[in-house]
Every structure is written in C-alpha cells, then in structure tokens.
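Below, each chain spelled out in residue letters.
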Amino acid sequence: MIILGIESSCDETGIALYDQEQGLLAHALHSQIDMHAEYGGVVPELASRDHVRRTLPLIQRVLDEAKLTLADIGGIAYTQGPGLAGALLVGTSIAESLAFTLNVPTVGVHHLEGHLLAPLLEANPPAFPFVALLVSGGHTQLMRVGGIGDYTLLGDTLDDAAGEAFDKTAKLLGLSYPGGPAVSRLADLGTPGRFKLPRPMLNSGDLNFSFSGLKTAVLTLVNDHSDADGILDEQTKADIALEFQEAVTEVLTAKCMAALRETGLDQLVVSGGVGANRQLREKLNRATKRRLCHVHYPRLEFCTDNGAMIAFAGAMRMQHETAGDHGFSVRPRWDLASLQRPAASA
Ligand code: ATP
Ligand code: FE
Ligand code: MG
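Each value, and the rule that gives it
Residues numbered from 1 in each chain as written. Chains lettered and ligands numbered in written order. Predicted model: local features only at pLDDT ≥ 70, side-chain atom pairs only at ≥ 80, totals over all residues. Axes fitted to C-alpha atoms, helices over the stretch in contact; angles between N-to-C directions. Helix = DSSP H or I, 4+ residues; strand = E, 2+ residues; numbered from the N terminus. Parallel < 35°, antiparallel > 145°, perpendicular 65-115°, else oblique. Left-handed = near helix turned anticlockwise from the far one by under 90°. Contact = placed C-beta atoms within 7 Å. Nonpolar A, V, L, I, M, F, W, Y, C, P; charged D, E, K, R; others polar. Near = placed C-beta within 6 Å. Pairing = 2+ DSSP bridges. UniProt positions renumbered as here; feature names shortened; annotations may be inferred. Buried ≥ 20, exposed ≤ 12 C-beta atoms within 10 Å, placed from the backbone.

Chemist: Describe the packing of helix α7 (residues 212-225) against helix α8 (residues 234-263), with residues and values.
Modeler: Running from N to C, α7 and α8 cross one another at 165°; their axes reach a closest spacing of 11 Å. Of the possible angle classes, the one that applies to α7 and α8 is roughly antiparallel. With respect to the hand of their crossing, α7 and α8 are arranged in right-handed fashion. Contacts from Leu214, Val218, Leu221, Val222 and His225 of α7 reach α8 at Thr236, Ile240, Phe244, Ala247 and Val248. Of the residues in the contact of α7 with α8, the class split is eight nonpolar, two polar and no charged.

In structure tokens:
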C-alpha cells in the first residue's frame, strides 16, 4: 500500500509517498525559514497560512515525481501533534478531507515518533531494541525503543532543548535563525580553548539535561567582551560559538554513552535537527566505536522536519488501523511515552 505523509507541525510543509513494499517513492519540502527569519522565530499564524498555500501543490509534486495519481494512494498519515495547533490543523484537515474523498484510511502520527523512526528509512537500519537520542528544536530526550510504540523515557531536559539553546545562542551572537547551522558554521572559525563554558549536568548521575544555564553563561561572555557600543568582534563570536558547541555536544555524547551502558544495549539512534550537527556526529562516532556500539542517523535532510518520516511512521502503523469517520482533532501537546504498540503486534 502507498501511504501519503503530511507534516505541518511547525514551519516546514513536508510531503512524501512511502510504499510499504518498495520504500520511499518521493518526498518534497517547503521550509518557511526565510519567511520567519525577520521575526527571529516562528510566527504561528503566518506558519498556518503558509501550510494552506503549500500543501496541495506539494502533494501534486510528489505524485508527479512518483508518476502516480491520487487514486494510487492507499492511506494517509499526518502529523497530529505535538506542535503549533493552527499549523497541525491545516495538515490534519487536508489529510482527513482527502482521505474522505478517496475513501482510504488515515493515521494520526506523533511527530516525535516520526523523528525517532527516521533513521529506519536508511540502508542497514538498526533492529529493535535501541537507545534513541531525540535532539530537536523542542525536545532533548533519551528513550529506550523496544519496537514501534514501545518507548520508555530514560532522560529529558529540565529546561531548554538543545536546539533551542543553539537558537538562543545564535541570537545572542547576532546570527540568523535557525541558529543551529549558523552557530556550527561560525564555530569552524573558532579558536579551541580560548573560553571555557560549563558542561551542565555532565556528572548529575542521571540521564537528564539542562541547557538554559549555558545560554546565560554565553550572555555573560558576550557582555564581558563587547565594546562600549555593544559590538563583539568576529573572532570572539567564533570562539564563543565553538566553545558553546563543544559544551552541548560533549554533554549529549556522554549521556548517550551512559544510556547505552545503563540499558545494556549496543545500538544508538540519533534524530531531530541537532542530529545534523557535524561536531556531535564526530563525537558520537568516536565514542560508540570505542565501546563497540553502532550509531545510526537519518540522512541530513531527514534530521529536521520532513514528510518522509511521517509517511514512514504512518506506514508502520497503517497495517493495523481501519478507516475512521474522518472526524479529527489535533494534539498540540502529546507525550511520546503514552503511545501504544499497534494493536496486531501488541
Ligand atoms: P520538535 O521536533 O521538537 O517539535 P522542531 O521540529 O522545531 O522541534 P527540528 O526541525 O527537528 O525541530 O530541528 C530544528 C532544530 O535543529 C533547530 O533548533 C535548529 O537550530 C537545530 N539544528 C539544525 N541543524 C543544526 C546543526 N547543524 N547543528 C545544531 N543544531 C541544528
Ligand atoms: Fe521536529
Ligand atoms: Mg523546523
């Protein structure tokens, strides 16, 4: 069966077609980053309106790319939450009305389950069980993944998510939104060892994180090194970016290794936007190799929001779900650990 996937939880309209036999057939993305950049962050109402404009043309584009028509769609998977309520409503209502006209089943997908399963779209996917680090703009969580819908939370952030810390640090350094890629690019020009930032929660003895103190420490550095007009020289900016990235990636890596140790598992899966960070990947590759563990990532474009991960997660669940009445609701807040295994495989 061919599943149409629709992602609209935030500032990306992601559409994909996934065939349960052949795998991913086509995917397309429209990012609203440029539209929100002048506001320094996502403006929810603008996001919703843009999803309205983009969704149908993108569906047509993936169908054309796969040389298929609407009649070939056997089911529709859409992000039901968590995310921005208005943005979620656009994808959800389009999915349910299209499914009603095509008379096909739908499945409301948990956005984070999408992120979590994205590495399974790659060649040589990990087998269950594994440890997953979900490290995105809104979340920093370690989970034990026993199977589809079998998610045990091992650790969580007590305050800011890692991606959020990148975004806020970027703002403090006068960089563009989203901050992760911008901080990372600047860090390449930095001088190692010039500054020393804290490694929050590194020795906390649990698998939790905290990143808000780091942002405050960056603010102190920025203030201390700015001139009378509040201007920071470019080299100092790069040196701060480098040390900030070091601090975040060192903590993330240490906690991943601790999670593998505690669970006795030897496979790590990393997903979410910060999973695209090169420094993080280098550290994780080194650390897992030393311990004879394996680490899996999605391809770079599937680290951040996309339709492919939603189509895939939907395909994993669709087998077992029957056509509903096409009534719908969204779940702007939704706990991943509350998900259940699909009925037939429970
Ligand atoms: P969530 O999935 O938790 O609701 P989200 O969908 O906004 O949040 P993603 O789209 O997965 O999050 O990721 C976006 C985040 O990833 C942003 O905070 C961005 O700064 C960060 N990010 C993207 N690329 C990089 C990178 N190369 N290095 C560090 N951070 C990055
Ligand atoms: Fe996301
Ligand atoms: Mg995004």
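Chemist: With reference to specific residues and values, describe the site of ligand 1.
Modeler: Taken together, the neighbourhood of ligand 1 is formed by 22 residues, with Gly137, Gly138, Gly163, Gly180 and Gly273 sitting nearest. Secondary structure elements with two or more residues in the shell around ligand 1: α4 (111-117), α5 (162-172) and α6 (179-187). Of the residues assigned to the shell around ligand 1, the class counts are six nonpolar, 14 polar and two charged.

Chemist: I'd like a rundown of the sheet that holds strand β3 (residues 23-31), residues and numbers included.
Modeler: Taking strand neighbours across the sheet as the criterion, the five strands line up as β3-β2-β1-β4-β5 in an open arrangement whose pairing is mixed. At either end of the open sheet lies a strand with only one pairing partner, and these are β3 and β5 (106-110). Within the sheet, the average angular offset between the axes of one strand and its neighbour, ignoring direction, is 20°. Note: strand β1 (residues 2-7) against strand β4 (residues 75-81), four bridges, orientation parallel. Directly across from Ile6, in β4, lies its bridge partner Tyr78. Running at roughly 30° to strand β2 (residues 12-19), helix α2 (residues 44-65) makes contact with β1, β2 and β3 of the sheet. Here helix α10 (residues 307-318) sits on the sheet and contacts β1, β2, β3, β4 and β5; the angle it forms with β1, its principal contact strand, is near 130°.

Chemist: Lay out the UniProt feature "binding site: substrate" (unreviewed entry) in the protein in plain terms, naming residues and giving numbers.
Modeler: UniProt records the feature "binding site: substrate" (unreviewed entry) for Leu134, Val135, Ser136, Gly137, Gly138, Asp167, Gly180 and Asn277 in the present numbering. With respect to the helices and strands, Gly138 occurs in the loop between β6 (130-135) and β7 (140-147). With respect to the secondary-structure elements, Asp167 resides in helix α5. You can call Asp167 buried: it has 23 C-beta atoms within 10 Å.

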